[in-house]
Amino acid sequence: AQSVTQLGSHVSVSEGALVLLRCNYSSSVPPYLFWYVQYPNQGLQLLLKYTTGATLVKGINGFEAEFKKSETSFHLTKPSAHMSDAAEYFCAVSEGGGYQKVTFGTGTKLQVIP
Amino acid sequence: DTGVSQDPRHKITKRGQNVTFRCDPISEHNRLYWYRQTLGQGPEFLTYFQNEAQLEKSRLLSDRFSAERPKGSFSTLEIQRTEQGDSAMYLCASSSAGGNSYEQYFGPGTRLTVT
């Protein structure tokens, strides 16, 4: 079975500061990993994904994440927070293959302080 | 490509009533997923269609829930005899079979409130 743990349900950063959102996963097979962002009363938007290959993946809006197999982690970072980054972020895992059942973490709400 | 659409966006109903939600996936996507998201939680998988075939259902999908995708295009999710615990955001997603099949595109969701 696959699972995701997001450390910290709420994270606050100052505008311009580093954003670090933590995610650890569990999977019985090589995982596919995702970060999604959700703005209030909206659906989820894919920020970035890791499937195979390069372990440092870049996504939209300046976000990136690094797959570390030894640590079973997939932390999301952004060098400089912007006010528009305030949203809820979900880490997710799937076990690949033709059918993609995705398991989501409980989410981290990011607050950006001006 | 107009994205995944869901209708209605909001639904308020009284306990015991039936409700039906609709999802229109991206036109060339043959895979469709339903998720439920409660406050403070991530989306939880409910069911999955490939074309018109419903291939998996979560144990979260009780007998009061039924989903269909009659012609492999749009899908409906019906909840019978709603309970207050059904209050949640219901999200639909779609993906294609080949290429980036792991990438699911989400609709805006239908927020259900059961009073």
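Provided above is the structure to which this section pertains.
In this report, we go over the structure that sits alongside the text. Note that the structure is a prediction, hence the values are computed from the model and not measured.

The rules behind these values
- Residues numbered from 1 in each chain as written.
- Chains lettered and ligands numbered in written order.
- Predicted model: local features only at pLDDT ≥ 70, side-chain atom pairs only at ≥ 80, totals over all residues.
- Heavy atoms only, no water.
- Pairing = 2+ DSSP bridges.
- Helix = DSSP H or I, 4+ residues; strand = E, 2+ residues; numbered from the N terminus.
- Axes fitted to C-alpha atoms, helices over the stretch in contact; angles between N-to-C directions.
- Phe/Tyr/Trp six-rings, centres within 6.5 Å; stacked < 30°, edge-to-face > 60°.
- Buried < 20%, exposed > 50% of the residue type's maximum accessible area, 1.4 Å probe, protein only.
- Lys NZ or Arg CZ within 6 Å of the ring centre and 35° of its normal.
- Contact = heavy atoms within 4.5 Å.
- Buried area = accessible area lost by both parts, 1.4 Å probe.
- Salt bridge = Lys/Arg side-chain N within 4 Å of Asp/Glu carboxyl O.
- Polar contact = N/O pair within 3.5 Å; in protein donor to acceptor, adjacent residues only side chain to side chain.

## So, the sheet that holds strand β3 (residues 19-26) of chain A
Residue and element names in this part refer to chain A.
Inference 1: Read across the sheet, five strands follow the order β1-β3-β8-β7-β6 without closing on themselves; strand pairing throughout is antiparallel. Because the sheet does not close on itself, it has two edges, and the strands there are β1 (3-7) and β6 (56-58). Across the sheet, the mean angle from the axis of one strand to that of its neighbour is 20°, orientation sign disregarded.
Inference 2: Where β3 lies against strand β8 (residues 73-78), four bridges are found, and the strand directions are antiparallel. Bridge pairing links Asn24 to Ser73 in β8.

## Some thoughts on the packing of aromatic side chains
Inference 1: Counted according to the given criterion, the structure contains 13 aromatic pairs over all chains.
Inference 2: Centre to centre, the rings of Tyr36 of chain A and Phe104 of chain A are 5.6 Å apart; their planes meet at 50°, and the pair counts as tilted. Within this pair, whereas Tyr36 of chain A is found in strand β4 (residues 32-38), its partner Phe104 of chain A is found in strand β10 (residues 102-104), the two being separated by 68 residues in sequence.
Inference 3: Their ring planes at 45° and their centres at 5.5 Å tell us that Phe63 of chain A and Tyr89 of chain A sit as a pair that is tilted. Within this pair, whereas Phe63 of chain A is found in the loop between β6 and β7 (64-68), its partner Tyr89 of chain A is found in strand β9 (residues 87-94), the two being separated by 26 residues in sequence.
Inference 4: Owing to a relative accessible area of 1%, Tyr89 of chain A belongs among the buried residues under this scheme.
Inference 5: By way of ring pairs, the aromatic residues Phe34, Tyr36 and Phe104 of chain A together with Tyr33, Tyr35, Phe45, Tyr48 and Phe106 of chain B are connected into one cluster.
Inference 6: Over the ring of Phe74 of chain B we find Arg22 of chain B; its NZ or CZ atom is 3.9 Å from the centre of that ring.

## As for the interface of chain A and chain B
How big an interface is tends to be expressed through the accessible area that disappears when the partners come together.
Inference 1: Each side of the interface is counted separately: chain A has 20 residues, and chain B has 22 residues.
Inference 2: Here chain A and chain B share an interface that buries about 1800 Å² over both sides, 55% of which is from carbon and sulfur atoms.
Inference 3: Seen at the junction of chain A and chain B, the total is one salt bridge.
Inference 4: Between Glu103 of chain B and Lys49 of chain A there is a salt bridge, and its shortest N-O distance comes to 3.0 Å.
Inference 5: Across the chain A-chain B interface, the total number found is three residue pairs in polar contact (both at pLDDT 80 or more).

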